[in-house]
Amino acid sequence: MKKIIAGFLMGILLLGMTACGKGTGTAEEDVAKVTDGAAKFENSVFIGDSLTEGFAFNEILPQEQVIAGAGATAGFSYDDLDALAEKKPDQVFIMLGSVDILMPVEDPQELFREDLTKLINRIKEELPGAEIYLQSITPVAQEALEQEPRYAGIGEYNGILKEVAGQSAVHYVDIGVLARENPALYAEDGIHFQKEFYQLWLQKLSESL
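The rules behind these values
- Residues numbered from 1 in each chain as written.
- Predicted model: local features only at pLDDT ≥ 70, side-chain atom pairs only at ≥ 80, totals over all residues.
- Heavy atoms only, no water.
- Helix = DSSP H or I, 4+ residues; strand = E, 2+ residues; numbered from the N terminus.
- Buried < 20%, exposed > 50% of the residue type's maximum accessible area, 1.4 Å probe, protein only.
- Contact = heavy atoms within 4.5 Å.
- Areas by Shrake-Rupley, 256 points an atom, 1.4 Å probe, with all protein chains shown as cover.
- Pairing = 2+ DSSP bridges.
- Right-handed = clockwise from strand over helix to strand, strands pointing away.
- Expected span 1.5 Å × (residues − 1).
- Arc of directions from axis to C-beta.
- Core = buried A, V, L, I, M, F, W, Y, C linked by side-chain atoms within 4.5 Å.
- Phe/Tyr/Trp six-rings, centres within 6.5 Å; stacked < 30°, edge-to-face > 60°.
- Lys NZ or Arg CZ within 6 Å of the ring centre and 35° of its normal.

For the chain, an unreviewed UniProt entry supplies the name GDSL-like protein and the organism Desulfitobacterium hafniense DP7.

Take a look at the structure:
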């Protein structure tokens with residue numbers, strides 16, 4: 001069943017990678033920003049869907065620090081925990097939910113809550129010394145919302161993220177504020193982001209370390 005749903009979701013969320021790689025600064029400025037920002041996360045791992053995958057695609061973080069891909073959900077990410085445990089990170093940053101909201105099940109919110117809690121508990125078992133950070137789902141642009149009305153529920157899913165973070169005693173970081181403050185950094189699909197957004201994203205996370 002999971003394989004069928006995964007195929008369905010992969011078709012929905014294929015990443016518009018060419019749009020995500022646009023930049024406005026010089027090559028030297030981009031390299032400097034990336035180097036300075038990534039240095040604080042040398043022993044961190046980022047888990048998520050295609051939004052998180054952009055860290056590796058845009059060469060903001062090394063591929064080995066990013067366990068992410070289009071169609072990933074809290075439930076599907078559970079299968080990647082062996083790979084995560086092998087890396088022995090000090091911090092684990094999780095951004096999931098933008099695909100879970102599209103799950104073709106009777107109660108996607110409850111499924112998300114259960115799968116996310118299970119994911120966090122397993123990470124704590126495998127990596128008891130790691131700090132876990134749950135990140136909010138970023139809002140989508142108006143044109144993306146018009147094409148997929150279910151994105152209107154992002155606020156409710158962020159509420160679940162906050163609740164689970166509190167119950168599980170892990171950190172919660174609002175990344176959505178960056179999207180609201182920088183609407184020009186959306187990619188063409190209104191869901192993903194350009195390279196500069198990822199630099200701001202790392203800067204935001206560095207304030208939480």
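Once you've had a look at it, read on.
Trainee: Residues and numbers for the overall build of the chain, please.
Mentor: From N to C terminus, the chain includes 11 helices and five strands. Residues classed as buried in the chain amount to 52% of the 209 residues present. Sequence separation of 24 or more characterises 74% of the internal contacts of the chain that already satisfy a separation of 6 or more. Summed over its atoms, the accessible surface of the chain is roughly 9,900 Å², and 51% of this surface lies on carbon and sulfur atoms.

Trainee: Describe the pairing of strand S3 (residues 91-95), listing the residues and the values that go with them.
Mentor: The buried count for S3 comes to five of five residues, which makes it a mostly enclosed element. Where strand S1 (residues 44-48) meets S3, five bridges bridge the pair, whose relative direction is parallel. For Gly-48, the partnering residue across the bridge sits in S3 and is Met-95. Bridge count for S3 against strand S4 (residues 131-135) is four bridges, and the pairing is parallel. Along S4, the bridge assignment pairs Phe-93 with Tyr-133. With respect to chirality, the unit in which S3 leads through helix H7 (residues 108-126) into the neighbouring parallel S4 is right-handed.

Trainee: Break down H7 for me, with residues and values.
Mentor: With 19 residues, H7 should reach 27 Å at 1.5 Å per residue; the first-to-last C-alpha distance of 27 Å fits that figure. Among all positions in H7, only Pro-108, Phe-112, Asp-115, Leu-116, Leu-119, Ile-120, Arg-122 and Ile-123 are buried. Seen from one end, H7 has its buried residues packed into an arc of 165 degrees, which puts them on one side. On the buried face of H7, the contacting elements are S1, helix H5 (74-77), helix H6 (81-87), S3, S4 and helix H9 (154-168).

Trainee: So, unusual backbone geometry: which residues are in play, and what are the values?
Mentor: Within the chain, Glu-59 stands out as a residue other than glycine whose phi angle is a positive 60 degrees. Tracing the backbone through its elements, the reader meets Glu-59 in the loop between helix H4 (50-57) and strand S2 (66-68). The exposure class of Glu-59 is exposed, given its relative accessible area of 66%. Not every positive phi belongs to a glycine, and Lys-88 is a case in point at roughly 50 degrees. With respect to the secondary-structure elements, Lys-88 resides in the loop between H6 and S3. Owing to a relative accessible area of 63%, Lys-88 belongs among the exposed residues under this scheme.

Trainee: Go over the nonpolar core with me, naming the residues and quoting the values.
Mentor: In this structure, Ile-47, Leu-84, Val-92, Ile-94, Leu-116, Ile-123 and Leu-134 are the most contacted members of the largest nonpolar core, which totals 33 residues. Considering each element in turn, this core owes the most residues, six residues, to H9. When near neighbours in sequence (up to four residues on either side) are disregarded, Leu-116 contacts Ala-74, Leu-134, Leu-161 and Val-164. Counting residues in hydrophobic clusters, the runner-up holds 25 residues, among them Phe-46, Leu-51, Tyr-133 and Leu-205.

Trainee: Outline the packing of aromatic side chains, supporting the account with residue identities and numerical values.
Mentor: Within this structure, the stated rule accounts for 13 aromatic pairs. Considering the side-chain rings of Phe-112 and Tyr-157, the 5.4 Å spacing of their centres and the 40 degrees angle between planes classify their relative orientation as tilted. Of the two residues, Phe-112 is situated in helix H7 and Tyr-157 in helix H9; the sequence distance between them amounts to 45 residues. Of the two residues, Phe-112 and Tyr-157, both sit in the buried class. Between Phe-197 and Trp-201 the ring centres are 6.0 Å apart and the planes differ by 70 degrees, which places this aromatic pair in the edge-to-face class. Taken together, the positions of Phe-197 and Trp-201, both in helix H11 (residues 195-206) and four residues apart, correspond to about one turn of that helix. Residue Phe-197 shares its accessibility class with Trp-201, and that shared class is buried. Chaining the aromatic ring pairs together yields one cluster made of Phe-41, Phe-46, Phe-55, Phe-93, Tyr-133, Tyr-186, Phe-193, Phe-197, Tyr-198 and Trp-201. A cation sits over an aromatic face here: Lys-118 above Tyr-78, 4.4 Å from the ring centre. A cation sits over an aromatic face here: Arg-122 above Tyr-78, 5.4 Å from the ring centre.

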